[in-house]
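Analysis of the macromolecular model
Each chain, letter by letter, is given below.
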Amino acid sequence: MTAANGLIVSNLKVWDSRTGNVLIPGSSFEVKPGSCLAIVGESGSGKSLTCRAVMRLNKAGTGQSGDIVLGGVNLSGLPEKEMRKRRGKQLCMIVQNGMRAFDPSCVIGVHFKETLGRHLGWSREEITANMKQAMESVMLKDPIAVMNSYPHQLSGGMLQRVMIALALALEPEVVIADEPTTALDAVSQYEVVEQLALLRGRIGCSMIFVSHDLGVVRRLSDEVLVMKDGEIVESGATRDMFSGARHAYTRYLVSAKQALNSQFQLVMGGSGIAEG
C-alpha cells in the first residue's frame, strides 16, 4: 500500500499479562485508503480491544504484539512519546462514552486548546475560530457556549458531535469510531451516524467503525470484519456479507438483525423502518 492514509494490521496478538490468557490470538486486516471497515460481533468478541490495540491504548496489564503500519511506519515499534504525537493527528478515536474522552474538571475549550495547540501549533484565536466552524458544521448550536461548558453539562449526543468536530479540525488519516452511538437515543444515533458519514467525505480519512447495529454498518461501511471470541471468522465487502455470508456466525448475526426488524414491523402494525 502506498497511500499514506491506509492502515495494515498484521498478526495482532493481545493477552492478559497477569494470567497469560490470550484475548486476541492473531488478527490481520487492512483498512484501505479512504474506506470504512466495520468490525462487528457480540459483546466480548474483541472489537474494542482491537481498536485500543491499534491506538496502543489498552489498559496496564494488557500485552500486545504484531505490526500496525500506517503510512509505511510501524506504530508498534514507536516509543510512547512518539506515539502520543500521532494520536489525534494521524489516528483519532471517537469512543462510546463521550464523558470519558474529556477531563471533567475542565471546560471543553481547554481540551481543544491542549489538543490543537500540541498537534497543530494554533494560537488561542485560531483554535476558537476553527473549532467554531467545525462545531457549526456538525450542527452544534452556539459553539462558544459549548466551549465554555463542562462535559457533564452536555448531552451524550452533543459530546459525540464535539469529538467529530475535533476530528474535522485535526484531519487525521484514520478515525476509529468505537460504538459511538450505543449510549445515545434513536434521534441522536441517527444524527451522529450522518455526521460520521459527512466526516469521511470532508477530510477523506479512512475509518474503522465498531457497532452492534448492522443497519448502520450497512449504511457506513465498505467492508466488514466479523469477530467471535477474539478471532476474525469472516471478512469481505459489505454487500457480500449481507447477501452471501459464508460463516454460520455471520449468518446468525444477519438473521438476528432481520428477525428484530420483522418483529418491529409486526409490533408497529407493518409500518416498520426500512432496513439499512
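On a predicted model such as this, the values are computed, not experimentally measured, just so you know. (Residues numbered from 1 in each chain as written. Predicted model: local features only at pLDDT ≥ 70, side-chain atom pairs only at ≥ 80, totals over all residues. Heavy atoms only, no water.)

**With respect to the overall build of the protein**
When you go through the protein residue by residue, the secondary structure sums to 10 helices and 10 strands. Here the C-alpha atoms of the protein give a radius of gyration of 19 Å, agreeing with the 19 Å that 2.2 N^0.38 yields for 276 residues. The principal-axis extents of the C-alpha atoms in the protein amount to approximately 55 × 50 × 40 Å. Expressed as a percentage of contacts within the protein between residues at least 6 apart in sequence, the contacts between residues at least 24 apart total 66%. A total of about 13,300 Å² of accessible surface is found on the protein, and carbon and sulfur atoms cover 51% of it. (Helix = DSSP H or I, 4+ residues; strand = E, 2+ residues; numbered from the N terminus. Rg over C-alpha atoms; globule rule 2.2 N^0.38 Å. Contact = heavy atoms within 4.5 Å. Areas by Shrake-Rupley, 256 points an atom, 1.4 Å probe, with all protein chains shown as cover.)

**A closer look at the packing of aromatic side chains**
Counted under the stated rule, the structure contains one aromatic pair. Above the ring of W15, the side-chain terminus of K13 is found at 5.7 Å from the ring centroid. Taking NZ or CZ as reference, K228 lies 5.5 Å from the ring centre of Y249, over its face. (Phe/Tyr/Trp six-rings, centres within 6.5 Å; stacked < 30°, edge-to-face > 60°. Lys NZ or Arg CZ within 6 Å of the ring centre and 35° of its normal.)

**Thoughts on the sheet that holds strand β10 (residues 231-237)**
The six strands lie next to each other as β6-β7-β8-β3-β9-β10, forming an open sheet whose pairing is mixed. The strands lining the two open edges of the sheet, one partner per strand, are β6 (91-94) and β10. Taking each pair of neighbouring strands and ignoring which way they run, the sheet shows an average axis angle of 15 degrees. Inspection of the sheet shows strand β7 (residues 174-178) paired to strand β8 (residues 206-210) by five bridges, in the parallel sense. The residue bridging A177 from the neighbouring strand is F209, located in β8. (Pairing = 2+ DSSP bridges. Axes fitted to C-alpha atoms, helices over the stretch in contact; angles between N-to-C directions.)

**Here's the deal with the nonpolar core**
Counting 50 residues, the largest nonpolar core has F112, M131, L196 and L199 as its most contacted members. Residues within four places of F112 in sequence aside, it is in contact with G117, I127, M131, M135, M147, V162 and L166. Ranked by size, the runner-up nonpolar core spans 27 residues in total, among them L12, L49, V54 and I68. (Core = buried A, V, L, I, M, F, W, Y, C linked by side-chain atoms within 4.5 Å. Buried < 20%, exposed > 50% of the residue type's maximum accessible area, 1.4 Å probe, protein only.)

**Observations regarding the pattern of salt bridges**
All told, the structure shown has 14 salt bridges when counted by the stated rule. Linking R18 and D16 is a salt bridge whose minimum nitrogen-to-oxygen distance equals 3.4 Å. Under the relative-accessibility criterion, D16 is labelled buried at 18%. In this structure, E80 and R84 form a salt bridge, with 3.9 Å as the shortest nitrogen-oxygen distance. Separated by four residues within a single helix, E80 and R84 lie in helix α2 (residues 80-86), roughly one turn from each other. Residue E80 is classed as partly exposed on the basis of its relative accessible area of 34%. (Salt bridge = Lys/Arg side-chain N within 4 Å of Asp/Glu carboxyl O.)

**Here's the deal with the side chain of T50**
Relative to the helices and strands, T50 resides in helix α1 (residues 47-55). On the basis of relative accessible area, T50 is assigned to the buried category, the value being 2%. In contact with T50, other than residues within four places in its own chain, are L12, I24, F29, I39 and M227.

**Some thoughts on unusual backbone geometry**
Positioned with a positive phi, N11 is a non-glycine residue whose angle comes to about 50 degrees. Assignment of secondary structure puts N11 in strand β1 (residues 7-16). Positive phi is not limited to glycine here, since E171 has a value of about 50 degrees. Looking at where E171 falls in the secondary structure, it is placed in the loop between α6 (156-170) and β7.

**Regarding the UniProt feature "domain: ABC transporter" (unreviewed entry) in the protein**
Per the UniProt annotation, the sites labelled "domain: ABC transporter" (unreviewed entry) are residues 9-254. Measuring from the first to the last C-alpha atom of residues 9-254 gives 26 Å, for a span that is 41% helix and 25% strand. (UniProt positions renumbered as here; feature names shortened; annotations may be inferred.)

**Topic: helix α3 (residues 108-120)**
Taking 1.5 Å as the rise per residue, α3 with 13 residues should run 18 Å; its terminal C-alpha atoms sit 18 Å apart, in good agreement. Of all the residues in α3, the buried ones are I108, G109, F112, T115, L116 and H119. Along the long axis of α3, the arc covered by the buried residues comes to 135 degrees, so they all point the same way. In α3, the exposed positions that point more than 90 degrees away from the buried face belong to E114 and R118. Tucked inside the fold, the buried residues of α3 contact α2, α4 (124-137), α5 (143-147) and α6. Just downstream of α3 lies G121, where phi reads positive at about 70 degrees. (Expected span 1.5 Å × (residues − 1). Arc of directions from axis to C-beta.)

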